There are 2 protein chains.
Amino acid sequence: MSLETFPPPAGYNAPEQVHITQGDHNGRGMIISWVTSLNEDGSNVVTYWIASSDGSDNKSVIATTSSYRYFDYTSGYLHHAIIKELEYKTKYFYELGTGRSTRQFNLTPPKVGPDVPYTFGVIGDLGQTYASNQTLYNYMSNPKGQAVLFAGDLSYADDHPNHDQSKWDSYGRFVEPSAAYQPWIWAAGNHEIDYAQSIGETQPFKPYKNRYHVPYRASQNKYTPQNSWLQDEFKKVNRSETPWLIVLVHAPWYNSNNYHYMEGESMRVTFEPWFVENKVDIVFAGHVHAYERSERVSNIQYNITDGMSTPVKDQNAPVYITIGDGGNIEGIANIFTDPQPSYSAFREASFGHALLEIKNRTHAHYTWHRNKEDEAVIADSIWLKNRYYLPEEETI
Amino acid sequence: MSLETFPPPAGYNAPEQVHITQGDHNGRGMIISWVTSLNEDGSNVVTYWIASSDGSDNKSVIATTSSYRYFDYTSGYLHHAIIKELEYKTKYFYELGTGRSTRQFNLTPPKVGPDVPYTFGVIGDLGQTYASNQTLYNYMSNPKGQAVLFAGDLSYADDHPNHDQSKWDSYGRFVEPSAAYQPWIWAAGNHEIDYAQSIGETQPFKPYKNRYHVPYRASQNKYTPQNSWLQDEFKKVNRSETPWLIVLVHAPWYNSNNYHYMEGESMRVTFEPWFVENKVDIVFAGHVHAYERSERVSNIQYNITDGMSTPVKDQNAPVYITIGDGGNIEGIANIFTDPQPSYSAFREASFGHALLEIKNRTHAHYTWHRNKEDEAVIADSIWLKNRYYLPEEETI
């Protein structure tokens, strides 16, 4: 959609592109991010208070501010501030901007605990088209979602001439109505790389790193940081605190769509044994612009010479879900391999999003919502059982 | 071996760690690299002349000079200069250093052409132990070698406390007797990464990049620069100019040693189809500290569901050679899988090096030289036929 569809807010140096994401391990911190066109006194400050208070004991945090150049574009001032020691299950207001241009938002850190119900939205490859709008507003029209797991590929700025960076700005405005009020967890996709040697832009992930805060180093090699990061990360998981183990990747490992077929193989052969060993519950991927859900399968017996390299049913394996159907500018991926392979449980080339409703430590209800006109229709659903506490086969 | 084994040359600010590598596509350029402890007038200059001339028409080139810090170490001044427009098949002298500390070396760019005989040494995982010395001096004792293809893992500085960077210096002195006179083509291995978060060193390949000039970006992902680099590189190969297509990687793709077993899988599944399509003749790898040569096999029919994932004989495939037997500090890798798989033609856990004698566009004689006391013994050999001009099965 045109830039005019997502105008900046009115007011002198008004804060825009507001988004929040998880700020600490315990769920009591939140990273608040926003952009201002000028870097003036107070434009880098977030003020926040408990909604039920009178606001007299509000607190302020000063952001870390950066700006970047990309080819002929200079970004606004990108502010990131962490607010900490929030109370669980308590609504907060937070305010950005100065003078007549202040803007107010709110957020609510959830109660924590292994049996606390919590609902994630799941979106990937969103972009900023008419279909993207349908997806986002379908998700927002359902009050259940408390946070979004995003499977990579945000703005698709790189599909525009010279990676038109104003598309990163319009994307930030587009998702603000949700992302300013609930944390979005951003995995990085290939459209975040913005590597363009022909225009002298050779620092991978520069715009993304400046704008969004997440682990981003991309590499599948055993000797590079991602590998040791992931090993350490798995060790830190305590299933009695967080029963559900969910992983976001960008390129799917089990994909029966012709688009990007087998592109995830290099990552799968490296990491799949760890996923099974650690009883990962669900892996969400994007990249393929369609929807697919796998059976619980693994393909980790291969030793080069034994020929044992087909996916087999495995109750210790994750369910793999491709949710790259956000609706971006590149269109739908509508050619699947024929026949449908046995590892594929459900697949459909439609735009949409998913909801993952965690009920307690043993059960979660998962639903895929196909975009249909201006409403979302549940087209796939399954009761998932936790692989650590209840590793039984699921029935739909 | 101790640092004292490889002392710096005598003389005030004498140039040391001299090494050369190919400087252009046509074989008329050479990169001269050296180190000085001080950065004084003239210490960054290389002077060169045709050996048969009287030296009166010598030429000079000023180097690009850098220095780096790593934890508590500060490097000397690292100079790299490209000398160009050299005559083929002509011996040159080149001189480094100033005053009483000048040092002279020589180099000879070979004649070029598709049927010009040329002999490569092949060495990997060399390190700087007693065994490393045997390997290097065995290679040097044979006058045939004109250049070295190095399969990664140079100094093993990272096996020492805080990645002791003086080990990079001693390594540079150790290989100088060969590397100052003939080009060494350096592939990067995992021991070049020098990533050490605990001591604040998080810029991968910093020492290596400063000291050695080669393509180094490591990544197997389809959307990162290595992928597009390799695609472009294959397109540039003109087999009527350069009949033999040889690739250096670090982790082997066909390895039947228990050490690092299947670590190359992520790279293999990504790139192997291109290697077969482009009729690569030979792939040299290091990483495993032993010797192994494969049959001509490929394993590229796999489509996830067909189960066709075992190596099969393929006359369009490269021979894969693991030559990580240079003799580094980590010792020999002496446990092979049992039985020997069919893709493995020859394997032995001994230190050594190889020679690849290209005879013309169709034939090359390849030999592996096991270290034995102070001499090298040919323990494996094969006449290789060029995959582009003569893609027939070879017999030993």
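UniProt lists chain A under the name Purple acid phosphatase 5, with Arabidopsis thaliana as the source organism. UniProt, in the comment section headed Subunit, describes chain A in these words: "Homodimer." In its Subcellular location section, the UniProt entry covering chain A states "Secreted".

Let us look at the packing of helix H1 (residues 130–141) of chain A against helix H2 (residues 166–179) of chain A. All names here are of chain A. Between H1 and H2, the least distance of the axes is 10 Å, while the angle of their chain directions is 10 degrees. One way to sum up the angle between H1 and H2 is to call them roughly parallel. Packed against H1, whose contacting residues are Ser-132, Asn-133, Leu-136, Tyr-137, Tyr-139 and Met-140, the element H2 presents Phe-174, Val-175, Pro-177 and Ser-178 at the interface. Residue classes in the contact of H1 with H2 are distributed as 7 nonpolar, 3 polar and no charged.

All right, on to the domain arrangement of chain A then. Residue and element names in this part refer to chain A. Entries for chain A in the domain assignment read domain 1 (12–112) and domain 2 (121–154 + 212–385). The C-alpha centroid of domain 2 is placed 30 Å from the C-alpha centroid of domain 1. With 6 residues of domain 1 at the interface, the matching set in domain 2 holds 4 residues. Note on domain 1 versus domain 2: buried area summed over both sides is about 390 Å², and carbon and sulfur give 60% of it.

Residues and elements named next belong to chain A. When the terminal C-alpha atoms of helix H5 (residues 265–277) are compared, their 18 Å separation across 13 residues agrees well with the 18 Å that a helix rising 1.5 Å per residue should span. Along H5, the sharpest kink reaches roughly 50 degrees, centred on Phe-271 and followed within four residues by the proline Pro-273. Along H5, 10 of the 13 residues are buried, which leaves the element largely enclosed by surrounding structure. Among all positions in H5, only Glu-265, Ser-266, Met-267, Arg-268, Thr-270, Phe-271, Glu-272, Trp-274, Phe-275 and Val-276 are buried.

All right, on to the interface of chain B and chain A then. Contact residues are listed per partner, giving 29 residues for chain B and 29 residues for chain A. Overall, the association of chain B and chain A removes approximately 2700 Å² of surface from exposure, summing both partners, and the carbon and sulfur fraction of that is 62%. Our count for the contact surface shared by chain B and chain A stands at 6 residue pairs in polar contact (both at pLDDT 80 or more). Here the side of chain B that touches chain A takes 5 residues from helix H5 (residues 265–277) of chain B, the largest share from any one element. Here the residues of the side of chain B that touches chain A are counted per class, giving 12 nonpolar, 13 polar and 4 charged.

In this section: the pairing of strand S3 (residues 45–50) of chain A. Residue and element names in this part refer to chain A. Of the strand pairs in this sheet, S3 and strand S4 (residues 59–62) are connected by 4 bridges, and their pairing is antiparallel. Its bridge partner being in S4, Thr-47 is matched across the sheet by Ser-60. By the bridge criterion, 4 bridges tie S3 to strand S9 (residues 92–96) in an arrangement that is antiparallel. Each bridged residue has a counterpart across the sheet, and for Tyr-48 the counterpart in S9 is Tyr-94.

All right, on to the UniProt feature "glycosylation site" in chain A then. Feature annotation in UniProt places "glycosylation site" on Asn58(A), Asn133(A), Asn238(A), Asn303(A) and Asn360(A), given in this structure's numbering. These annotated residues cover 303 residues of sequence, and their C-alpha atoms sit far apart, with the largest distance between any two at 60.3 Å. Examined against the element boundaries, Asn303(A) turns out to sit in the loop between strand S17 (297–298) and strand S18 (312–313). When sequence neighbours within four positions are dropped, the list of residues in contact with Asn303(A) reads Tyr261(B) and Met262(B). Here Asn360(A) is to be found in the loop between strand S21 (352–358) and strand S22 (363–372). A residue is classified by how much of its surface remains accessible, and Asn360(A), at 25% relative accessible area, is partly exposed. If we skip the residues at most four places from it in the chain, Asn360(A) touches Pro114(A), Asp115(A) and Trp244(A).

Rules used throughout
- Residues numbered from 1 in each chain as written.
- Chains lettered and ligands numbered in written order.
- Predicted model: local features only at pLDDT ≥ 70, side-chain atom pairs only at ≥ 80, totals over all residues.
- Heavy atoms only, no water.
- UniProt positions renumbered as here; feature names shortened; annotations may be inferred.
- Axes fitted to C-alpha atoms, helices over the stretch in contact; angles between N-to-C directions.
- Helix = DSSP H or I, 4+ residues; strand = E, 2+ residues; numbered from the N terminus.
- Parallel < 35°, antiparallel > 145°, perpendicular 65-115°, else oblique.
- Contact = heavy atoms within 4.5 Å.
- Nonpolar A, V, L, I, M, F, W, Y, C, P; charged D, E, K, R; others polar.
- Domains from an automatic or database assignment.
- Buried area = accessible area lost by both parts, 1.4 Å probe.
- Expected span 1.5 Å × (residues − 1).
- Bend = angle between axes of the 7 residues up to and from the residue.
- Buried < 20%, exposed > 50% of the residue type's maximum accessible area, 1.4 Å probe, protein only.
- Polar contact = N/O pair within 3.5 Å; in protein donor to acceptor, adjacent residues only side chain to side chain.
- Pairing = 2+ DSSP bridges.

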